[in-house]
Amino acid sequence: MIIGENRAKVIENIKAAVKKGKMHAKVELGDPILTKSERIKLVNDYWEQQKKFSHKLKNIIAQGIINIDTLILMAHTQIKNKHRAQGPKYGAIVTSNHFKQTDSLPIKKLANKCHKKLYIVIEDYNLKLPGFFGFLMNNINAIPIVQSYQYWGREFPKHLQQVFDKKGWVLIYPEQEMWYNYRKPRPLQKGAYYYAAKANVPIISCFVEIQDLPEMEKNSSEFHKTRYILHVLPTIYPIDRLTVDQNAKRMRDIDYLQKKKAYEKAYGKKLSYSFDDDDIAGYVKK
């Protein structure tokens, strides 16, 4: 499944970002453009909608769609070392590489197998998407983020804690921006680990390996179909004697090294940030 137009241009944007060493750069095209005040209002309205009975009905429908998509689209997705995700008894933050609009589905499959409710942190502009995807973003179990110090400091931790109190998982992408079908793990932003340390919850560390299917199976003239292997890596726990900042740095460093090691084992080569066409899974070289 290919979502979004002009994938060739997106790949060129990825190449350019790699060349400049900007590994968290936005490369997608056509995302809604909003002012800061519009973003804040959008997120505030989202939380107000959560209180309404009509949202509860829409949430049941949206979660039903996600569960069906997970069953169908992830039918051939392997999960390796699932037992590692069963260690944490209470809430946790899950981290994974961010390479596709549907890359939360392997994590959803894992959460379902572990009988955990999964929430996904999304960028605020996703709430403004049109049509079907806009419906999903507004009605699945999502926690939107917005660039506001007050929101980051007060509202966002409150919503995370509500999930942790229910023994749920929160999926956060520390790579920040989505890079379409990019195989390599990218350097990780601090946020996920700061909030894990602050709430004293572990990081369930994951890495998704993307395998190309045979050449006769194509999504388009540009891409072969792919399948996933979800590698569940050792869970990373905060240490009581360390400060929040110390724990955040330590957990981030460990998570990056684990994802790097998983990449090198999966693809049989050392991780480097020079660009090769093979870095884009399924890409038909011309």
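This text goes with the structure placed above it.
Thresholds, definitions, all that
- Residues numbered from 1 in each chain as written.
- Predicted model: local features only at pLDDT ≥ 70, side-chain atom pairs only at ≥ 80, totals over all residues.
- Heavy atoms only, no water.
- Core = buried A, V, L, I, M, F, W, Y, C linked by side-chain atoms within 4.5 Å.
- Buried < 20%, exposed > 50% of the residue type's maximum accessible area, 1.4 Å probe, protein only.
- Contact = heavy atoms within 4.5 Å.
- Patch = residues over 30% accessible without salt bridge, like charges linked within 9 Å, V, L, I, M, F, W, Y side chains within 5 Å.
- Areas by Shrake-Rupley, 256 points an atom, 1.4 Å probe, with all protein chains shown as cover.
- Salt bridge = Lys/Arg side-chain N within 4 Å of Asp/Glu carboxyl O.
- Helix = DSSP H or I, 4+ residues; strand = E, 2+ residues; numbered from the N terminus.

Asks: Talk me through the nonpolar core; I want residue IDs and the actual numbers.
Replies: Grouped burial of nonpolar side chains is what soluble globular proteins tend to show. Counting 67 residues, the largest nonpolar core has I93, I143, W169 and V170 as its most contacted members. When near neighbours in sequence (up to four residues on either side) are disregarded, I143 contacts W47, Y119, I120, V121, I122, F156, H159, L160, V163 and V170. Listed in part, the 13 residues of the second largest apolar core include A17, M23, V27 and W179.

Asks: Let's hear about a nonpolar patch on the surface: which residues, and what values?
Replies: On the surface, I68, L71, I72 and L73 cluster together into a nonpolar patch covering about 420 Å² of accessible area. By the secondary structure assignment, I68 is in helix α3 (residues 53-73).

Asks: Quick rundown of the pattern of salt bridges? Include the residues and the values.
Replies: In this structure the tally under the stated criterion is 18 salt bridges. Linking K15 and D277 is a salt bridge whose minimum nitrogen-to-oxygen distance equals 3.6 Å. In this pair, K15 sits in helix α1 (residues 7-20) while D277 sits in the segment after α8 (244-267), placing the two residues 262 residues apart along the sequence. Residue E155 pairs with K158 through a salt bridge whose shortest N-O separation is 3.1 Å. One end of the pair, E155, and the other, K158, are both in helix α6 (residues 149-165), three residues apart, so they sit about a helical turn from each other. Look at the salt bridges and you will find they share partners, linking R183, D212, K269 and D278 into a network.

So yeah, pure geometry; function would need other evidence.
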